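Geometric and topological summary
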Amino acid sequence: MEFYNIAENQSFNNWAYRYLTEIGVNNTLAVYANLGFVIVSISVFSWVCFYFTRKFLLGILYSLAKRTSTRFDDFLVANKVMMHVSRLVPYSIVINALPYILKDFENWIPFVRTLLELCLILLIVFIFRAFFKSCRDYLKTKVLFKDKPVDSYLQVVSLFMYSIAGIMIFSMVTGMSVKAFIAGLGAASAILMLIFKDTILGFVASVQVSTNDMVRIGDWIEMPKFGADGDVIEINLNTVKIQNWDKSITTIPTYYLISDSFRNWRGMHRFGGRRIKRAIHIKISSIHFVTEAEIEKLRNIQLLRPFIESRLHEIEEYNQENDIDTDIPLNGRRMTNVGLFRKYIEQYARHKKGINQEMTLMVRHLAPGEKGLPIELYMFTDKTVWVYFEGVMADIFDHMLAAVPYFNLEVFELPASDDLRNVRFPGGNPGKGA
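Just so it is clear, the structure is predicted and the values come from calculations on it, not from any experiment. (Residues numbered from 1 in each chain as written. Predicted model: local features only at pLDDT ≥ 70, side-chain atom pairs only at ≥ 80, totals over all residues. Heavy atoms only, no water.)

**Notes on helix α14 (residues 305–321)**
Put simply, the rule reads: Labels follow the DSSP assignment, with helices taken as runs of H or I lasting at least four residues and strands as runs of E lasting at least two, numbered in each case from the N terminus. Here the expected span of a helix is defined as 1.5 Å times the quantity of residues minus one. Residues count as neighbours in contact if any of their non-hydrogen atoms are within 4.5 Å of one another.
With 17 residues, α14 should cover 24 Å at 1.5 Å per step; its first-to-last C-alpha distance of 24 Å lies within 8% of that length. Taken together, the buried residues of α14 touch α13 (292–298) and α15 (337–350).

**A look at the environment of cysteine 119**
In this fold, cysteine 119 is placed in helix α6 (residues 109–140). Taking the C-alpha atoms as reference points, cysteine 119 and tyrosine 91, 28 residues apart in sequence, are found 8.9 Å from one another.

**Digging into the sheet that holds strand β7 (residues 362–365)**
Cut-off, in case you're wondering: Two strands qualify as a pair provided DSSP detects at least 2 bridges between them. The axes used here are C-alpha line fits, helices contributing only the stretch in contact, and every angle between their N-to-C directions lies in the interval 0 to 180 degrees.
The three strands are arranged β6-β8-β7 in an open sheet whose pairing can be described as antiparallel. For this open sheet the edge positions go to β6 (274–282) and β7, each flanked by a neighbour on one side alone. On average, each strand axis in the sheet is inclined to that of its neighbour by 20°, with strand direction left out of account. The sheet contacts of α15 involve β6, β7 and β8 (373–381), and relative to β7 the element is tilted by about 155°. With respect to the sheet, helix α16 (residues 386–403) is in contact with β6 and β8, its orientation differing from that of β6 by roughly 25°.

**Points about the nonpolar core**
For clarity, the threshold we go by: The definition of a nonpolar core used throughout is a set of buried Ala, Val, Leu, Ile, Met, Phe, Trp, Tyr and Cys residues joined through side-chain atoms within 4.5 Å. The buried label applies to any residue whose accessible area, calculated with a 1.4 Å probe on protein chains only, is under 20% of its type's maximum; exposed applies above 50%, and partly exposed to all values in between.
Within the largest apolar cluster, 35 residues are counted, with the highest numbers of intra-cluster contacts made by Leu340, Phe341 and Met379. One finds Ile221, Ile235, Val240 and Ile242 within the second-largest nonpolar core, a separate group that totals 11 residues.

**Quick word on the environment of aspartate 74**
Here aspartate 74 shows up in helix α3 (residues 72–78). Note on aspartate 74: relative accessible area 32%, which makes it partly exposed. Note: C-alpha distance between aspartate 74 and serine 134 (60 residues apart in sequence) is 8.6 Å.

**Remarks on the side chain of aspartate 219**
In this structure, aspartate 219 sits in the loop between α10 (197–211) and β1 (220–223). With residues up to four places along the chain from it excluded, the contact list for aspartate 219 reads Met214, Gly230, Asp231, Val232, Asn264 and Arg266.

**Things to note about the packing of aromatic side chains**
Applied cut-off: Between the rings of Phe, Tyr and Trp (Trp by its six-membered ring), a pair exists once the centres lie within 6.5 Å; its type follows the angle of the planes, with under 30 degrees stacked, over 60 edge-to-face, and the other angles tilted.
If you walk through the whole model with that rule in mind, you get 11 aromatic pairs. Here the aromatic rings of tryptophan 220 and tryptophan 265 are separated by 4.6 Å at their centres, their planes lie at 15°, and the arrangement is stacked. With tryptophan 220 in strand β1 and tryptophan 265 in the loop between β5 (263–264) and α12 (266–271), this pair connects stretches of sequence that are 45 residues apart. The exposure class of tryptophan 220 is buried, given its relative accessible area of 8%. Taking relative accessible area as the criterion, tryptophan 265 reaches 22% and is therefore assigned partly exposed. Centre to centre, the rings of tyrosine 378 and phenylalanine 380 are 6.0 Å apart; their planes meet at 85°, and the pair counts as edge-to-face. Accessibility classification places tyrosine 378 together with phenylalanine 380 in one group, the buried group. Following the ring pairs from residue to residue traces out a cluster consisting of Trp220, Trp245, Trp265 and Trp386.

Right, here's the structure in full:
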């Protein structure tokens, strides 16, 4: 049965057939051999065109990209956009040569053409994907987008691109129109929403996070529920990656950023001060009114001298005006050692390098408890760097703890084992069998 039709002219796609039939090769075999020869010839020619396109044209484009001042073309080269575009050259050759290649197999032309069109769609997807990646990398170099979830934007655009490509491929393979296919998707929307639930939630969350400026790349956030405490290093459509301070990585679904609470420390970095909020506990039994001898001794402290002199003058005027009997300490007004200590620490902090003097600064009493009287320092450092912050706070408390004995105060601490062993009991030592 003759299922092929050999042209009588001397076109390039049947000269091999004529030669093979002349040397006695079977007619059908000669047709397929001729087809194979033509396919190989077209493939070799297409590869040569692709090679020269990549070698010369892309070489020129790469050279120009290196000389320009903008970095966008460098990202185009790095993501192989031009490489994918160069593949259009052999594709154009094959699609235009298809009627000649399959001239003797005309029934194959629609199938092969459809297959090539599917390849073209995939090639266009690769080109746009590489182009969007280049846009993402370029935007990340800009200050305006440095802390924005650019990866989420890329994933959303890629999702729409893949959806369109998938619809086109399905329509071409099945012969169904795009309009009918989309109408069919409406009936299956419930199933699709179930399948793509996480993607839909992630998309909505990404939009809300970006619109409300809730989280940026580089923000320090805390989510104790997930054990996350560190810097945000990546925001995707479905997940947010957080590098904890121990360098481990915690991955959190993006939609949890809008459904759960978390703490963002961006405000601290923005205002340029990191809060010190720590207390020491003073033994209450060591608190007393200061005597004149103690006042004279404490007057020698330079940071405290102006306050003592001002307060003494104020107290003396008050007691004289109200005819106070100062023989009894409870009458009138007097200074206490813990009050002078609190004022000294405040003055020390106001003269301490590393403390932000423009923000709240105070040394206050908290409610007394079973561990004594807490004296809390509440202030801010002038830098937010963690190591710097810890160093400034340690310097203040080193000095504060060393200064306590000068005010005849004692720091409360629970008894250690040596303290208990040194306890003397009446009538002997129970630890030794007495």
